[in-house]
Amino acid sequence: MASTSSTLDALETCKKCLAGSAAAAISKTTTAPFDRVKLVLQLQRRGELAVAEYNGIRDCITKIRLEQFIPGTFVSGGLGGATTLFILYPFDFARTRLALDTKKDGSRKYKGMVDCLQKIKAREGVSAWFKGLSAAMQFVIASRAIFFGIFDSIRTSVKDPKSLNFAACWAIAQVSITTSGMMCYPLDTVRRSMMMQAGKKVKQYTSTKDCWKTLYKKDGFNGFYRGALTNSLRSTGGALIITFYYEFSKYM
């Protein structure tokens, strides 16, 4: 009897994992373009990152579409956003470098993700792939704690959480993830900035702490929030993941 119960529990867990994975794949692929725009706006003033400065979301989308947008950009954005922090962090690192890989003359330094990782490894070793990992860990822990704290508090305040329809659940998830994202956005800016100096001869930042200080001195507090509006649009993907998960779980 106990064996049967354990088997059913394992099957239930597998079903929920599959539902969550399917929802993540769909939503991340859909919102990949927003992620690309967010990265460009967030890091465009960190070096020779673009042919020209982008003045806002609309201007960024228009110029990138004319200058660079190709299927590979969407794929790299989607893959990077869907990976886990610890297992595939180097791919997220490469995704960030590729998103900003456009010199002033329009040429590119890297041919693709593998080429990017190989060239940076040749200069500084494998450890260079993990630049910004400490800030990323802080971002993940803080953002998840804030998100689930808000989401669970609102969701469980309803007498029967399962009675919430798709729209209501999505609204709660969207508010929760947008709030947590905005509160933790500076951590994301710091980790992306650390990623961008890997492989360079002259380092802008000696450590994560120094990165915080340097960015604040250069652009003030607002400098940590470049591209934050686009990130809020991109957060729709995360909200959809949670919403689809709870919606699918109703029928399992």
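Remember, predicted model here, so these are calculated numbers, not experimental data.

Novice: A description of the nonpolar core should follow, citing residues and the corresponding values.
Specialist: One finds Phe93, Cys116, Leu117 and Ile120 to be the most contacted residues of the largest nonpolar core, which totals 15 residues. Elements supplying a minimum of two residues to this core: helix H4 (89-99) and helix H5 (113-124).

Novice: Outline the packing of helix H6 (residues 133-155) against helix H7 (residues 166-196), listing residues and values.
Specialist: Axis separation between H6 and H7 bottoms out at 8 Å; the angle between their running directions is 160°. When the interaxial angle is binned, H6 and H7 end up roughly antiparallel. The hand of the H6/H7 crossing is right-handed. For the contact of H6 with H7, the class distribution of residues is 17 nonpolar, 5 polar and 2 charged.

Novice: Hey, could you go over the pattern of salt bridges for me, with residue numbers and the actual values?
Specialist: Applying the stated criterion across every chain, the model contains 8 salt bridges. Arginine 191 is the salt-bridge partner of aspartate 188, the closest N and O atoms lying 2.7 Å from each other. Taken as a pair, aspartate 188 and arginine 191 lie in helix H7 at a separation of 3 residues, close to a single helical turn. Here the two residues aspartate 188 and arginine 191 agree in accessibility, since each one is buried. The network of salt bridges with shared partners includes Asp92, Arg95, Asp188, Arg191 and Arg192.

Novice: How would you sum up the environment of valine 175? Please name residues and give values.
Specialist: Looking at where valine 175 falls in the secondary structure, it is placed in helix H7. You can call valine 175 partly exposed: its relative accessible area is 48%.

Novice: Give a description of the packing of H4 against H5 that names residues and reports values.
Specialist: Look at H4 against H5: their axes get within 9 Å of each other, and the N-to-C directions meet at 100°. Between H4 and H5, the crossing angle belongs to the class labelled roughly perpendicular. Side by side, H4 and H5 meet where Pro90, Phe91, Phe93, Ala94, Arg97 and Leu98 of the first sit next to Met113, Cys116, Leu117 and Ile120 of the second.

Novice: Which residues make up the UniProt feature "transmembrane region" (unreviewed entry) in the protein chain, and what are the values?
Specialist: Mapped onto this numbering, the UniProt entry gives "transmembrane region" (unreviewed entry) at residues 128-151 and 163-187. For the annotated span residues 128-151, helix accounts for 79% and strand for 0% of the residues, and the straight-line distance between the end C-alpha atoms is 36 Å.

Novice: Describe a nonpolar patch on the surface, and please don't skip the residues or the numbers.
Specialist: A contiguous nonpolar surface patch, about 280 Å² in accessible area, is contributed by Ile87, Leu88 and Phe91. Mapped onto the fold, isoleucine 87 is located in the loop between helix H3 (71-82) and H4.

The rules behind the values
One numbering rule holds for all chains: residues counted from 1, following each sequence as written. Local features in this predicted model are restricted to residues of pLDDT 70 or higher, and side-chain atom pairs are both shown and tallied only at a pLDDT of 80 or more, whereas totals for entire chains, interfaces and linings draw on every residue. Each side-chain value is derived from all of the structure's non-hydrogen atoms; neither hydrogens nor water enter the calculation. The criterion is simple. A nonpolar core is a set of buried Ala, Val, Leu, Ile, Met, Phe, Trp, Tyr and Cys residues joined through side-chain atoms within 4.5 Å. Exposure categories follow from relative accessible area, calculated using a 1.4 Å probe and restricted to protein chains: below 20% of the type maximum is buried, above 50% is exposed, and the middle band is partly exposed. By the criteria applied, helices consist of DSSP H or I runs no shorter than four residues and strands consist of E runs no shorter than two, each listed in order from the N terminus. Interaxial angle, 0 to 180 degrees, is taken between N-to-C directions of lines fitted to C-alpha atoms, where a helix line uses only the stretch in contact. An angle counts as roughly parallel when it lies under 35 degrees, as roughly antiparallel when it exceeds 145, as roughly perpendicular when it falls between 65 and 115, and as oblique in every other case. For any helix crossing, the convention is left-handed if the near helix is rotated counterclockwise from the far helix by under a right angle, and right-handed if that rotation is clockwise. Under the scheme applied, nonpolar residues are Ala, Val, Leu, Ile, Met, Phe, Trp, Tyr, Cys and Pro; charged residues are Asp, Glu, Lys and Arg; polar residues are all the others, including Gly. The rule for a salt bridge is simple: a side-chain nitrogen of Lys or Arg has to be within 4 Å of a carboxyl oxygen of Asp or Glu. By definition, residues are in contact when any of their heavy atoms lie within 4.5 Å. UniProt positions are given in the numbering used here, feature names are shortened, and annotations may be inferred rather than shown by experiment. Patch membership requires over 30% relative accessible area and the absence of a salt bridge. Like charges are linked within 9 Å, and nonpolar side chains (Val, Leu, Ile, Met, Phe, Trp, Tyr) within 5 Å. Note on areas: Shrake-Rupley with a 1.4 Å probe; residue coverage comes only from the protein chains shown.

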